[in-house]
Amino acid sequence: MPARPRLSADERAYFSLLTETVYANPFGQDQERLSRLLGRDAPRAVSQADLYDKLMPALEARLDALRERGLERLDQLNGEDQALMRQVYLFHGYQHSYRLLDGLIEHQRRGRAAAADLSWMPGLLDRLGSYGFDPRESRRWVALYYQLRRAYYFIERALVGRSEPMRALRRALWNSVFTTDLRSYTQLLWGRMQDFSTLLLGETGTGKGSAAAAIGRSGPIPLEGPGHGFARGIEDTFIATNLSELSEGLIESELFGHRKGAFTGAVDNHDGLFARCDSHGTLFLDEIGDVSLPVQTKLLRVLQERTFTPVGSHQPQRFEGRIVAATNRSLGALLGGGDFRRDFFYRLSGNIICVPTLRERLADTPDELEELVGALLGRMVGEAADALRTRIMEALSELPADYAWPGNVRELEQALRRIILNGRYVPDALPGSQDPKADPWLSGADAGSLDAAGLLAGYCRRLYEKLGTYEAVARVTGLDRRTAKRHIEG
Ligand SMILES: Nc1ncnc2c1ncn2[C@@H]1O[C@H](COP(=O)(O)OP(=O)(O)OP(=O)(O)O)[C@@H](O)[C@H]1O
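The rules behind the values
- Residues numbered from 1 in each chain as written.
- Predicted model: local features only at pLDDT ≥ 70, side-chain atom pairs only at ≥ 80, totals over all residues.
- Heavy atoms only, no water.
- Pairing = 2+ DSSP bridges.
- Helix = DSSP H or I, 4+ residues; strand = E, 2+ residues; numbered from the N terminus.
- Axes fitted to C-alpha atoms, helices over the stretch in contact; angles between N-to-C directions.
- pLDDT = per-residue confidence, 0-100.
- Contact = heavy atoms within 4.5 Å.
- Near = heavy atom within 4 Å.
- Polar contact = N/O pair within 3.5 Å; in protein donor to acceptor, adjacent residues only side chain to side chain.
- Nonpolar A, V, L, I, M, F, W, Y, C, P; charged D, E, K, R; others polar.
- Domains from an automatic or database assignment.
- Buried < 20%, exposed > 50% of the residue type's maximum accessible area, 1.4 Å probe, protein only.
- Phe/Tyr/Trp six-rings, centres within 6.5 Å; stacked < 30°, edge-to-face > 60°.
- Lys NZ or Arg CZ within 6 Å of the ring centre and 35° of its normal.

Student: I would appreciate a short explanation of the sheet that holds strand 6 (residues 322-327) in the present structure.
Tutor: One key point about sheets: their strands pair by backbone hydrogen bonds, in either a parallel or an antiparallel sense. The five strands lie next to each other as 2-3-6-1-7, forming an open sheet whose pairing is parallel. Each having just a single partner strand, strand 2 (238-242) and strand 7 (351-354) make up the two edges of the open sheet. Here the strands of the sheet are splayed against their neighbours by 20° on average, with no regard to which way each runs. Bridge count between strand 1 (residues 198-201) and strand 7: four bridges; the pairing is parallel.

Student: What exactly am I supposed to notice about the confidence of the model for the protein here?
Tutor: Low pLDDT means the predicted atomic positions in that stretch should not be read closely. On average, residues of the protein carry a pLDDT of 86, and 90% of them reach 70 or more. Taken together, the stretch residues 432-437 has pLDDT below 50 and engages in four contacts with residues farther than four places along the chain or on a different chain.

Student: For this particular structure, what's the right way to read the site of the ligand?
Tutor: Inspection of the region around the ligand gives 20 residues, with T204, K208, G209, R379 and E413 positioned closest. Take R379: an N or O atom from its side chain is 2.7 Å from a nitrogen atom of the ligand. Of all elements in the fold, only helix 10 (208-216) and helix 19 (408-422) reach the threshold of two or more residues within the shell around the ligand. Class assignment for the residues of the shell around the ligand results in four nonpolar, seven polar and nine charged. Two domains share the shell around the ligand, each providing at least three of its residues, namely domain 1 (160-356) and domain 2 (360-427).

Student: What is the right way to look at helix 11 (residues 248-256) in this model?
Tutor: Note: α-helices contain 3.6 residues per turn, so residues at a spacing of three or four share the same orientation. Residues of helix 11 that are buried: I251, S253, L255 and F256. Considering only its buried residues, helix 11 is in contact with strand 2, helix 12 (273-276), strand 3 (282-286), helix 13 (293-305) and strand 4 (307-308). Of the residues flanking the end of helix 11, it is G257, one or two places downstream, whose phi is positive at about 85°.

Student: Can you walk me through the packing of aromatic side chains in this structure?
Tutor: To describe a pair of aromatic rings, you give the distance between the ring centres and the angle between the ring planes. Taken as a whole, this structure holds 22 aromatic pairs when the rule is applied. Ring centres of F27 and W174 lie 5.9 Å apart, and the angle between their planes is 80°; on these two criteria the pair is classed as edge-to-face. Of this pair, F27 sits in the loop between helix 1 (9-22) and helix 2 (29-37) while W174 is found in helix 8 (residues 164-178), placing the two residues 147 residues apart along the sequence. With relative accessibility at 6%, the residue F27 sits in the buried group. A relative accessible area of 3% places W174 in the buried class. Between F274 and F319 the ring centres are 4.9 Å apart and the planes differ by 85°, which places this aromatic pair in the edge-to-face class. Residue F274 is located in helix 12, and its partner F319 is located in the loop between strand 5 (317-318) and strand 6; the two are separated by 45 residues in the primary sequence. F319 sits in the buried class, given a relative accessible area of 1%. An aromatic cluster is present here, built from F27, Y152, W174, F178 and Y185 joined pairwise through their rings. Looking at R62, its charged tip hangs above the ring of Y14, at a distance of 4.3 Å from the centre.

Here it is in structure tokens:
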């Protein structure tokens, strides 16, 4: 039997470098080094898509040259060459599909009722088939492309900011979805990451919710058989709940569900969030630092045994999804206070991601303020954003240069609203840090000029600063947790 044709040393070197580049964490340092090696001098200045598009003519020329030598399909190559070219063909197929997938994601994000146009899908599957992938494998690769494009959308585009702390956050979010090695993820871990929980830490308003959504909406969603689309829509894969907003009486039923008759008012069986989150989904438990010890014990069981039991039932059910949790309490406060189980913490914290404060981001890249203002205004007022941006930046420039933004991006959003309404932003005094005379809440209370709502909000914020949880504030004030939180957030 004649020996199978082999790649030349030069071809092997080129394709190896290419695959190392395109399979590296797109927000990592390696990627920059490798893309420089491929001939780009300023990779930070161009988008990932631009960079890849620029690689394409040289790649097409190389593949044409292989075709002329009769090497068109994977099965014409031997072991090592086949493994390498498999990755090259996967990248080639990806390049021919990513704009179509971006169109699909945009369509889904706009919540259009009409079914998405997937008429291009058979052509894409045929292309993968022409490289030598069988139909099942081809569907799996298209699902991976879709996942990669969702990750770009939610990790890159939906999170604003180019500062190093934001780049580090993106790297960490990417790794929590694809691990540090995309190639072995695709071979070994695709669809098997349910047991990898993530704990997001960060001050209030830093964007932990957006970071959690980025992880949750970037999970694998299979492509179903011929003629069908993807098994789930983007929105169905991410289920979020804020534990501090659920009263102690309701929390178990919300999370684990209940059976009819389990308690007064349980008139029907009710599926909880754990039952609604299937193997393609992620459940986001926000304010995890606020839950009581008995609920922590039950959550620990879900994490350890992957089972939960609805209230009033004796039948454990399996939990198939993935958990992302978040808290704005510091690790020290979480573990030092005695109201957070250490075993629960260790089970939850396989992957800890710290979401940077706005002041860290601005200290690294002051221009990030204007970038954020532009994006937040765009969300708030659409096309009027450009016209308002200069006025807003002028008003913000009146703040002290080292203003700490204690409420982070949420405070910035609030500042924009106030500037639009009142022309200026005067930060609310936060307890603890200021001269009492300069504290409008204290001096307002002293002068008798605060109304009841202002008085209560200031008091709740002070308590929150001291006690660290909405639950503790609720306990002291006699308010329910949700009301206390509303006062604190303003
Ligand atoms: N990097 C970012 N780019 C764009 N918007 C952001 C970013 N970070 C935060 N935001 C916006 O700031 C607001 C607050 O974010 P989010 O609710 O995720 O904060 P959080 O850290 O979860 O706060 P808390 O701990 O109080 O729940 C949201 O409207 C969010 O969209």
